[in-house]
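Fold and geometry: a report
Read off the chains here:
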Amino acid sequence: MRCPKCGFRDDKVIDSRQSRDSSSIRRRRVCLQCAYRFTTYEQIERSDLRVIKRDRTHEPFDRRKLVNSLARACEKRPISLVRLETAVDEIVHELETSGREVSSQVIGTKVLEKLREIDEVAYLRYASVHRRFEEVDQFVDAIQQLGRRIKPNALQPELFGTEIAQTALHPAETANAERKIETHGRV
Ligand SMILES: [Zn+2]
């Protein structure tokens, strides 16, 4: 496996473990040239599982796409890659045992179920990005339901981070700060 840091083509496996359902193997590797450590995953390729998309076109199931969409929802949340890979393993296992074709809606629903167990902020992000809520009201209801269970502070910096950042850099405050510095300078 090519080292992602220096490009050297030789490495050593330093740790190897199976996922809980034995459907994938995670390997920790160390580059023999620069000692950079990286992780690889190995799993059986299922070329026969097909996804039916909303526009009714078909495409082969792609595990990486699934991992990426979960990872995006979980960005900057305290969730390990191992936890995400486990969730994907569980979803894939459910899909594989239910037939050779699966609709993208079914995959989306399964992802939502998993994310709800893992992290509520990630769950809301995924739901809003993939428009799994039929109407805005439904989305607001879901946020309000979660709001009763989690501390308001836990949710707000994530969902309204940009607004908070803008408030912090409010022009009036910046001007005040500059004025203080000027005054101080004259003294
Ligand atoms: Zn290297």
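Residue positions are counted from 1 within each chain, in the order its sequence is given. At least 70 in pLDDT is required for a residue's local features to be given in this predicted model, at least 80 for side-chain atom pairs to be given and counted, and no such filter applies to totals for whole chains, interfaces and linings, which use all residues.

Structural notes on the sheet that holds strand β3 (residues 37-43)
To keep things clear, this is the line we draw: In this analysis, strands are considered paired if DSSP registers two or more bridges between them. A run of H or I in DSSP counts as a helix once it spans at least four residues, and a run of E counts as a strand once it spans at least two, with each numbered from the N terminus. Interaxial angles span 0 to 180 degrees and are taken between N-to-C directions of axes, which are lines fitted to C-alpha atoms, for helices over the stretch in contact.
In space, the three strands of this open sheet follow the order β1-β2-β3, with antiparallel pairing throughout. Only two strands of the sheet have a single partner each, and these edge strands are β1 (11-18) and β3. For this sheet, the mean inter-axis angle between neighbouring strands, taken without regard to orientation, is 25°. Summarising the sheet, strand β2 (residues 24-31) and β3 pair through seven bridges and their orientation is antiparallel. Counterpart to S24 in the pairing with β3 is Q43.

A few points about the packing of helix α2 (residues 81-96) against helix α3 (residues 104-118)
Here is the rule we go by: Handedness of each helix crossing follows the sense of rotation of the near helix against the far helix: counterclockwise by less than a right angle gives left-handed, clockwise gives right-handed. For every residue pair, C-beta atoms are placed from the backbone, and the pair is scored as a contact if these atoms sit within 7 Å. When residues are sorted by character, Ala, Val, Leu, Ile, Met, Phe, Trp, Tyr, Cys and Pro go into the nonpolar class, Asp, Glu, Lys and Arg into the charged class, and all the rest, Gly among them, into the polar class.
Put simply, α2 and α3 touch, their axes get as near as 10 Å, and they point 145° apart. Read as a crossing pair, α2 and α3 show a hand that is right-handed. Contact residues: α2 offers R83, A87, E90, I91, E94 and L95, while α3 offers I107, K110, V111, K114 and I118. Residue composition of the contact of α2 with α3, by class: six nonpolar, no polar and five charged.

Comments concerning the pairing of β1
The sheet contact formed by β1 and β2 spans seven bridges and is antiparallel. For D11, the partnering residue across the bridge sits in β2 and is C31. The antiparallel pairing of β1 with β2 creates a hairpin that spans five residues between the two strands, and S22 there sits at a positive phi of about 60°.

So, the nonpolar core
Spelled out, the test is: Note on terminology: a nonpolar core is any set of buried Ala, Val, Leu, Ile, Met, Phe, Trp, Tyr and Cys residues joined through C-beta atoms within 7 Å. Our exposure labels follow a C-beta count within 10 Å of each residue's own C-beta, placed from the backbone: buried means 20 or more other C-beta atoms, exposed means 12 or fewer, and partly exposed covers the counts in between.
Counting residues in each nonpolar core, the largest one holds 18 residues, and the members touching the most others are L70, A73, V88, L115, A122, Y123 and Y126. Counting only elements with at least two residues in this core, the list comes to α1 (63-73), α2, α3 and α4 (120-129). In terms of residues, this core owes the most to one element, α4, which gives six residues. When sequence neighbours within four positions are dropped, the list of residues in contact with L70 reads L84, A87, V88 and V111.

A look at α3
To be explicit about the condition: In this analysis, the expected span of each helix is defined as 1.5 Å times one less than the number of residues it contains. In this description, one arc is meant: the one made by directions from the helix axis to the C-beta atoms.
In a regular helix each residue adds 1.5 Å, so 15 residues correspond to 21 Å; α3 covers 21 Å between its end C-alpha atoms and thus fits that length. When α3 is considered as a whole, its buried residues turn out to be I107, V111, K114 and L115. One side of α3 holds all its buried residues, which, seen down the axis, span an arc of 100°. Among the exposed residues of α3, those pointing more than 90 degrees away from its buried face are T109 and E117. Residues of α3 that are buried sit in contact with β4 (50-52), α1, α2, β6 (101-103) and α4.

Comments concerning the sheet that holds strand β5 (residues 58-60)
Strand order in this open sheet of three strands is β5-β4-β6, and the pairing throughout is mixed. Two strands close off the open sheet at either side, each with one partner strand: β5 and β6. Between one strand axis and the next, the sheet turns by 30° as a mean value, whatever way the strands run. Bridge count for β4 against β6 is three bridges, and the pairing is parallel. Residue pairing across strands places V51 opposite V102, the latter belonging to β6.

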